[in-house]
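A look at the structure
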Amino acid sequence: MAWVQRTGRWLALGSVLVVSGCMVGPDFERPDAPLLDSWSSGANLPVDSRTGFTSRSANSVPWWHVFKDPALNSLIAEAYRQNVELQAAGVRVYQARAQLGIARGELFPQVQEIKGGSKSIRFSSQDPFIRDLERAGLVNDHITRVSTGFDAAWEIDVWGKIRRDVQSADANLKANIASYDDVLVTLTGDIAATYVTARELQQLIAAARKNAALQKKSFDLTRLRLENGAATKLDVDEATVLYNNTLASIPGYEADLAQAYNALSLLLSEAPGKMKARLGKKSRFPRVPAEVAVGVPADMLRRRPDIRYAEYVAAAQSAQIGVAKADLFPAFTISGAIGVSADDFSNLFKNGTTTGFINPAFSWNFLNYGRIQNNVRVQDAKFQETLLNYENTVLSAYAEVENALTAFLRAKQEAVYLRRSLTAARSSVGEVQAQYEDGTASYNRVVDAQKSLLRAEERLIAAEASVLTNLIAVYKGLGGGWVPENVDGLISEETRQQMVERTRWGRLLESPVDNAG
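In this report, we go over the structure that sits alongside the text. (Residues numbered from 1 in each chain as written. Predicted model: local features only at pLDDT ≥ 70, side-chain atom pairs only at ≥ 80, totals over all residues. Heavy atoms only, no water.)

**Comments concerning the overall build of the protein chain**
A count of helical and extended segments in the protein chain gives 12 helices and six strands. Sorting the 517 residues of the protein chain into buried and exposed places 41% on the buried side. In the protein chain, of all internal contacts separated by at least 6 residues, the share reaching a separation of at least 24 is 85%. For the protein chain, the exposed surface amounts to about 27,800 Å²; the carbon and sulfur share of it is 54%. (Helix = DSSP H or I, 4+ residues; strand = E, 2+ residues; numbered from the N terminus. Buried < 20%, exposed > 50% of the residue type's maximum accessible area, 1.4 Å probe, protein only. Contact = heavy atoms within 4.5 Å. Areas by Shrake-Rupley, 256 points an atom, 1.4 Å probe, with all protein chains shown as cover.)

As structure tokens, then:
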């Protein structure tokens with residue numbers, strides 16, 4: 001069995017080479033990100049306590065809870081359980097985990113084959129020599145040989161090609177987890193923004209109906225005054241125009257509201273038709289918190305999943321440079337086989353004959369040096385592209401947060417002015433209506449006042465909605481990082497069960513964050 005001992009020595013040597021061998025290619029380091037010391041004020045408004053902001057880090061509780069709106073909380077919780085796009089992102093994480101397992105498997109013998117068979121040789125009884133051997137009892141009329149064995153081939157990872165590929169697959173897994181988080185952040189922001197839009201449209205419909213009712217009273221009064229000779233037909237026509245224009249705005253708002261309901265249903269991955277009853281007629285906006293914790297820009301860099309994704313994509317591509325470079329050097333392999341054979345199966349592992357061999361070898365594609373070197377250059381250029389994409393992602397993130405902060409602060413300012421305007425408009429309508437009834441004001445003054453009232457209410461509703469949607473954009477821009485309490489893993493139990501019924505996943509469907517490395 002000397003050859004078995006030699007095999008052991010070759011395998012031991014290969015293991016030493018794998019452990020101690022160098023890894024060609026660059027070792028990835030996190031790219032330098034453009035630095036921003038603090039959130040500036042693009043709108044010349046201080047981003048501090050005077051405008052309702054604080055630089056302390058956001059609380060660990062989900063940000064949408066600050067709105068104190070149970071309906072919104074319920075929508076987001078349900079979307080996390082059943083949104084199909086989020087489920088698909090979770091499945092991609094498990095796919096990346098399985099791909100990492102494939103890459104790690106390359107560290108072990110890449111060709112493994114178990115062989116077995118039986119061969120029977122029958123002799124011709126017409127041969128005089130065979131007849132003499134049979135009469136002497138030396139042979140039968142046939143010979144049977146049963147054999148089994150195991151073949152293996154192993155490429156020794158001297159230059160780190162396989163280990164770099166493992167690094168790339170590991171970074172790809174982390175990138176897919178970051179991508180899942182990005183879908184999570186986007187989903188939450190989209191639900192909250194669409195919910196605010198639905199509440200805005202409900203309020204616009206209510207305001208239009210309320211103003212239409214007010215205008216109907218003026219219209220009825222004008223017709224009565226016309227009958228009594230105290231008004232002109234022009235007054236009635238103006239009242240008719242204003243009243244019907246207000247009524248005409250309602251169907252458009254209702255159509256937009258139905259679309260908002262359907263958009264929410266889609267985000268929850270459910271059939272349309274249930275959202276109207278779920279949201280009810282309570283059309284109040286979610287509460288805007290008195291203080292918004294925005295932290296510092298460094299917090300955003302750590303939290304935003306798209307920035308983490310860009311970093312991991314760069315890490316995965318960096319490792320591919322080493323994979324390509326390894327082809328410039330010779331590849332060392334160990335192949336071998338072991339087997340036994342006997343005249344029948346019962347003697348296979350008792351009196352069988354053991355055979356085997358081991359064959360160290362190497363190959364070197366030095367004639368393809370130019371092609372391989374150009375592939376290295378391709379991978380290096382791709383890596384440089386990922387670094388530039390990372391920098392652009394960071395800059396875009398800064399701009400997104402700055403824009404949202406500016407828009408939020410300006411919307412708050414606008415809402416303050418519009419509340420004053422609405423108060424004055426309501427007072428004006430009452431005063432001019434009394435003057436018209438006294439005959440001291442013309443009816444066009446009434447029309448103008450009622451138009452101004454409706455316009456003031458619509459603008460204030462839009463401004464309050466803008467305050468909320470821009471605050472949602474601030475939270476979304478800061479990167480999220482908050483997971484609802486009902487989320488357990490990346491896929492629903494139903495999806496998990498479907499996958500388990502088709503394929504033996506083992507422990508791969510456990511929590512991906514725990515096993516991402």
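**A few points about the layout of surface pockets**
Of the pockets and cavities examined, the largest pocket occupies roughly 370 Å³. Considering the residues around the largest pocket, the lining is formed by Gln202, Ile205, Ala206, Arg209, Glu254, Leu257, Ala258, Tyr261, Lys276, Gly280, Lys281 and Ser283. For the lining of the largest pocket, the secondary structure elements donating two or more residues are helix H5 (161–227) and helix H6 (233–267). Class assignment for the residues of the lining of the largest pocket results in five nonpolar, three polar and four charged. (1 Å grid on protein atoms, 1.4 Å probe; cavity = no way out; pocket = protein on both sides within 12 Å on 5 of 7 lines; lining within 4 Å. Points joined across faces, edges and corners; volume = space filled by probe spheres on them. Nonpolar A, V, L, I, M, F, W, Y, C, P; charged D, E, K, R; others polar.)

**Some thoughts on the side chain of Gln317**
Along the chain, Gln317 turns up in helix H9 (residues 305–326). In contact with Gln317, not counting residues within four places along its chain, are Gln379, Lys382, Phe383 and Thr386.

**Details of the environment of Pro70**
Considering the arrangement of structural elements, one finds Pro70 in helix H2 (residues 70–82). Among the residues examined, Pro70 registers a relative accessible area of 63% and is labelled exposed. In the structure, Pro70 is positioned 216 residues away from Pro286 in sequence and 9.4 Å away in space, judged by C-alpha atoms.

**A look at the packing of H5 against H6**
Running from N to C, H5 and H6 point in directions that differ by 160°, and their axes come no closer than 8 Å. Judged by the inter-axis angle, H5 sits roughly antiparallel to H6. Considering the relative orientation of H5 and H6, their crossing is left-handed. Within the contact of H5 with H6, the residues separate by chemical class into 24 nonpolar, eight polar and eight charged. (Axes fitted to C-alpha atoms, helices over the stretch in contact; angles between N-to-C directions. Parallel < 35°, antiparallel > 145°, perpendicular 65-115°, else oblique. Left-handed = near helix turned anticlockwise from the far one by under 90°.)

**Here we look at the pattern of salt bridges**
A complete count under the given rule lists 19 salt bridges for this structure. For Glu78, the salt bridge identified is with Arg278, shortest N-O distance 2.9 Å. Here the residue Glu78 occupies a position in helix H2, and Arg278 occupies one in helix H7 (residues 275–279), the gap between them amounting to 200 residues. The salt bridge involving Glu457 is made with Arg426; its shortest N-O contact spans 3.5 Å. Of this pair, Glu457 sits in helix H11 (residues 443–478) while Arg426 sits in helix H10 (residues 369–438), and the two are 31 residues apart along the sequence. Assessed through its relative accessible area of 5%, Glu457 is described here as buried. Residue classification places Arg426 among the partly exposed residues on the basis of a relative accessible area of 46%. Overlapping salt bridges, with partners in common, bring together Lys210, Arg426 and Glu457 in one network. (Salt bridge = Lys/Arg side-chain N within 4 Å of Asp/Glu carboxyl O.)

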